[in-house]
Amino acid sequence: MKSVAAIIAFFFYSGNLFPQTTTFEKTYQSISTEQFSSAKQVLPIDDTGYLLNSSDMLKLIKTDSLGYIELIKEFPDIIYPGAKIIKTNEGGYAAVGNKILITHNICLVKFDQNLDTLWTRTYDTGNQSEVGQAVIQLDDSCFIISSQNASTYYLRKTDVNGSLIWTHEISGSPTLLFKSYLTNLDDGNFLFWRASDLFKMNSDGDVIWSKSVSGSSFSYLTTDGYILFSSFTYLQKINLDGTLLWQNDIDYLISITENSNGNYAYITRESYSSSSPSIITITDTSGNSLSQIIKTNFANYITNTLDGGYAICGYVSQIYNPYNSYRDYIWFLKTDGDLNYNAINMALPYDGDQLNIYNTYPITWSSTNVDLVNIDYSIDNQTSWNPIIHFYPASSETFNWTLPTIPEGTLFLRVSDSNNPETFDRSDPPQSVTNYQQNDYISTNEIFMWIGNNGMGSHDPRTDGSGFYWPGGEDATIPAIFADGLVWGGKINGEIRVNGDTYRYGLTPGYITESGLPSDPTDVKAKIFKLKRDWQSLPPGVERDRYEFDFLNWPVDIGAPWIDNNGDGLYTPGIDNPDYIGDEILYFVANDLDTLNARFTYGSDPIGLEFQVATYGFDSELLKDVVFKKYKIINKSPNTISDMYLTYWTDDDLGFAGDDYVGCDTLLNLGYSYNGDNNDEEFYGTPPPALGHLIVQPPISPAEVTDSARYGKGWRKGFKNLPLTAFVLYISGSAIYADPDMGVYDGTLQLYNYMQGLLRDGSGPFIDPNTGLQTHFCLAGDPVAGSGWNEYNGWSGSQPGDRRFTLTSGSFSMAPGDTQEVTIAILIKKGIDFLNSVTEIKNYSALVQDWYNTTLVTDVNEVNNIIPSEFSLFQNYPNPFNPSTVISYQLAERSQITLKVFDILGREVATLINEEKPAGRYEVEFDSHSNKGQNLSSGVYFYQLKAGSYIQTRKMILIK
């Protein structure tokens, strides 16, 4: 991003009057595409701007006088360019490098003023490789080129058209730091220097004199005809005969320049390490310091500018953004003649990035000599600016902006000095605006969880870190899951194929069309749709606008759930409604048809599956610590998939990631993570919670006609839900419990073996270390009871650490057009200690499973789509409780009912319900502090349901 500041001032240097000096500071994220991007050199171009020389491939960036990009020229056929390009006597430029695809060569490239290539000459280096390093042009317009290989330096002279005149070899010890450099002299000669020697040579390459030094670093010809020369530890001024005039001790010198008044400005570092700050110093002609600034950025080059200031370039190390992770960015600083500058440098959003309407983005910046900032946006190519916030403290350096309802297209952002609008930074190039939520979160209850429409689960796109937080809902700050997702595998004509969403994502947003091809992944229907119950009651604003758009454009035609209010089978907006399922729902459709994505995950080809994914949660006491992810999977390929498995993979980092254990409960279809002791360092503290992944609705398989399987909104006759068939854990550094390989077909075979509960190489099932027996379920023992294979007290030598695990259900077949459903509940609970948290997560899982199997909830209190087949009174939750608990019950038919609470002596202490109710599933909260509870004391109590002839009594415990 860019920044610019104009300082209204006049400077007198050596009797010369300079015009107004412009200052700015910039980073160029949009053109910093490599992991390491740096500007090696900056050249002033008349009074119209600057030329930056960048990257390991020849790339030239032309900017205007304010530093905004006007032109980028890349030359991908030129590699290893020298650190400097030069202005030629003819008004263009020249650079040295190597020509790609031509073995053993050095090349010289000449450009015109518009950076168009005039010609390229290559020079054969025989049977050895050389790297081009520097080029100069003599007064007679001939070129001198320096290069080196592993043992020798070379000089070449060409004529003005690049034709070779001679080649000289100079022995030495070239290294990465000890490169060769060239400097023009006014007397028709030139300087050549290398690791330990400085040479003055004539145009024929003959040595006039040489000077030995330790660690040659830099040389520069001053305007008064002297040479500035540095080693790693000192700076010398010598005359053209090599006689020393003075010497100053300095740190590692990077670059030096001279202003028109004869003062010197140079860059030093304590070491070449990028962690060492850059020190930029101005000295007089005798080397005495006049002014100095220190920058944490890595400065590579400094030169004086035509308006009396300095241009400095290099890179900013390790800037994080949520799209490209950590990268080094090209950096450019423009100061006045005393190294002063006013500047704003906007870092995020990323230049040229796509921003989504209704999403929130951090606008971040750094500033120098600015107190307050105005932040504005423009959607008409900077003709007019709309305020985001004004007079905001510059020292905050971050403002979170939620995009309002604005037209899709181009967007410019600007951060400016509130007191001096000429100091500002804006997008360069502009961002684009679209209505397309690629990532979104659910936070209707105590859980805050991110998902992505490429299958990404529980991973935070803002930080590239854990993306499942609890407790606190939208205000939650403690992370519990780093990533999770669905994985699938099966056989196509005997060929094993596996794909899924783990650390890499095998899905592409969008549905599969009738032709079998994927839809446009950037179409609005491929985004994440989000609805919240009672969104209409929100005040006017961006949040309400988002819900209204998704409500009005709810993608029923690609599978989004809806309620047919008039029963005609057609979705009619205004009459029919989206089916919220819970109090908040996120919905998207994706497919596995992208071959590159599929092979990038685990190395095999796509199958041809469409995934309709609904993530939902409830704002109720019973369901406040659980969210659900329902996958509807449709085989839209022409092939039958045999021996297919569905697996849920998770990398739980329960607060601190390095002290976790995992386990499973095969009867509950549950995998869980818990802390290895009673203190989760730095995060949950004491006591830590336990976290569960529960398959509440497994895939189905044909069964007896008397069987029923949980499917859709009810039950499907003649089928059964498959149980949990395998549980596998992964331990870093373990040979037996190793993660599957990614990006290679071996990973497909390894993961498919794990899906079957087999060892990674498929040689057989796992072995229970306690019994020596084969098993498909690792860690199915009970750490609370201290029984069986478990990590806490049933596995000798097991130490807490970073864990991953998979829950698998299968196998089954899917013919073309077949549909499967699987629903995962992600839940978390805290007990009185780390082992009791395991008990709590199992009890909660049983309660959630029972709730899911008996009720499909649209209103958690009243609306019931599945009529229970029997009367039941369920165990209250939580139990023990303080001060309140939830009691659930179900009625098989309309009944007059009473629900009462008694103390241990049989005395009635509360009547919770005394009325007639229709068949269905219900819950009621009992508060020991309420009037009904009469402010009860600790102890054992009983609650009793009477419904006609049905009577059921259960025990509960109040602890205060």
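Residues numbered from 1 in each chain as written. Predicted model: local features only at pLDDT ≥ 70, side-chain atom pairs only at ≥ 80, totals over all residues. Heavy atoms only, no water.

### Section: the overall build of the chain
Scanning the chain from terminus to terminus reveals four helices and 74 strands. Principal axes of the C-alpha set define a box for the chain whose edges measure 115 × 65 × 55 Å. In the chain, buried positions account for 57% of the 960 residues. By sequence separation, contacts in the chain at least 24 residues apart represent 57% of the contacts at least 6 residues apart. As displayed, the chain offers around 37,200 Å² of accessible surface, 49% of which is attributable to carbon and sulfur atoms. Averaging the positions of the 62 positive and the 113 negative side-chain charges in the chain gives two centres separated by 4 Å. (Helix = DSSP H or I, 4+ residues; strand = E, 2+ residues; numbered from the N terminus. Buried < 20%, exposed > 50% of the residue type's maximum accessible area, 1.4 Å probe, protein only. Contact = heavy atoms within 4.5 Å. Areas by Shrake-Rupley, 256 points an atom, 1.4 Å probe, with all protein chains shown as cover. Lys, Arg positive; Asp, Glu negative; His and termini not counted. Charge placed at Lys NZ, Arg CZ, Asp CG, Glu CD.)

### Notes on the nonpolar core
Within the largest apolar cluster, 66 residues are counted, with the highest numbers of intra-cluster contacts made by Phe 468, Trp 488, Leu 729 and Ile 826. The dominant element in this core, judged by the number of residues it contributes, is strand E46 (residues 479-492), at seven residues. Ranked by size, the runner-up nonpolar core spans 41 residues in total, among them Leu 622, Tyr 674, Ile 841 and Tyr 844. (Core = buried A, V, L, I, M, F, W, Y, C linked by side-chain atoms within 4.5 Å.)

### Things to note about helix H3 (residues 745-755)
Counted residue by residue, H3 has eight buried out of 11 residues, so it is predominantly covered. Every buried residue of H3 is accounted for by Gly 747, Thr 748, Gln 750, Leu 751, Tyr 752, Asn 753, Tyr 754 and Met 755. Backbone geometry just after H3 places Gly 757 at a positive phi near 75 degrees.

### Quick word on the sheet that holds strand E26 (residues 264-269)
Within a beta sheet, neighbouring strands are joined by backbone hydrogen bonds and run either parallel or antiparallel to one another. Strand order in this open sheet of four strands is E25-E26-E27-E28, and the pairing throughout is antiparallel. Of all the strands in the sheet, the pair left with one neighbour each is strand E25 (252-258) and strand E28 (289-295). The mean angle between the axes of side-by-side strands here comes to 20 degrees, regardless of whether they run parallel or antiparallel. Taken together, the six bridges between E26 and strand E27 (residues 278-283) define a ladder with antiparallel strand orientation. Following the sheet pairing, Thr 268 is matched in E27 by Ile 279. (Pairing = 2+ DSSP bridges. Axes fitted to C-alpha atoms, helices over the stretch in contact; angles between N-to-C directions.)

### Some details on the side chain of Thr 257
Here Thr 257 lies in strand E25. Side-chain polar atoms of Thr 257 contact the side chain of Asn 304, separated by 2.9 Å. Residues within four places of Thr 257 in sequence aside, it is in contact with Tyr 220, Asn 263, Tyr 264, Ala 265, Ile 302, Thr 303, Asn 304 and Tyr 310. (Polar contact = N/O pair within 3.5 Å; in protein donor to acceptor, adjacent residues only side chain to side chain.)

### A few points about the pairing of strand E69 (residues 884-891)
A large share of E69 lies buried, amounting to eight of its eight residues. Going residue by residue along E69, you find Ser 884, Val 886, Ser 888 and Gln 890 tucked away on one face and Thr 885, Ile 887, Tyr 889 and Leu 891 tucked away on the opposite face as well. Pairing geometry for strand E68 (residues 872-873) and E69, over two bridges, is antiparallel. Paired with Leu 873 across the two strands is Tyr 889, which belongs to E69. Examined bridge by bridge, E69 and strand E72 (residues 920-927) share eight bridges and lie antiparallel to one another.

### Notes on the sheet that holds strand E16 (residues 164-171)
Strand order in the open sheet formed by four strands is E13-E14-E15-E16, and the pairing between neighbours is antiparallel. Strand pairing shows two members of the sheet lacking a second neighbour, strand E13 (131-137) and E16, which therefore form its edges. Across the sheet, the mean angle separating the axes of adjacent strands is 20 degrees when strand polarity is ignored.

### Remarks on the state of the cysteines
For the structure shown, the criterion picks out zero disulfides. Lacking any disulfide linkage, Cys 778 is separated from the closest cysteine sulfur, that of Cys 664, by 7.9 Å. For Cys 778, a relative accessible area of 0% translates into the label buried. (Disulfide = S-S within 2.5 Å.)

### So, the pattern of salt bridges
One pass over the full model with this rule turns up 32 salt bridges. The shortest N-O distance in the salt bridge between Asp 550 and Lys 527 comes to 2.8 Å. Here Asp 550, found in helix H1 (residues 542-552), pairs with Lys 527, found in the loop between strand E48 (508-509) and strand E49 (529-532); they are 23 residues apart in sequence, far enough to count as distant. Neither residue differs from the other here; Asp 550 and Lys 527 are each classed as buried. Among the salt bridges present, the one from Glu 821 reaches Lys 630, with a minimum N-O distance of 3.6 Å. Taken as a pair, Glu 821 in strand E67 (residues 819-829) and Lys 630 in strand E54 (residues 626-635) lie far apart in primary sequence, 191 residues in all. (Salt bridge = Lys/Arg side-chain N within 4 Å of Asp/Glu carboxyl O.)

### Topic: the packing of aromatic side chains
Tallied over the full model, the rule gives 46 aromatic pairs. Each ring, one from Tyr 441 and one from Phe 448, has its centre 4.6 Å from the other, and the planes form 25 degrees; the classification is stacked. For Phe 448, a relative accessible area of 4% puts it in the buried group. Residues Tyr 672 and Tyr 674 carry aromatic rings whose centres are separated by 5.8 Å and whose planes lie at 40 degrees to one another, so their mutual orientation is tilted. Among the residues examined, Tyr 672 registers a relative accessible area of 1% and is labelled buried. Classification of Tyr 674 by relative accessible area gives buried; the value is 1%. Three or more aromatic residues joined by ring pairs form one cluster here, namely Tyr 730, Tyr 737, Tyr 754, Phe 766, Trp 789 and Trp 795. The residue whose ring lies beneath Arg 426 is Tyr 68, and the NZ or CZ to ring-centre distance is 3.9 Å. (Phe/Tyr/Trp six-rings, centres within 6.5 Å; stacked < 30°, edge-to-face > 60°. Lys NZ or Arg CZ within 6 Å of the ring centre and 35° of its normal.)

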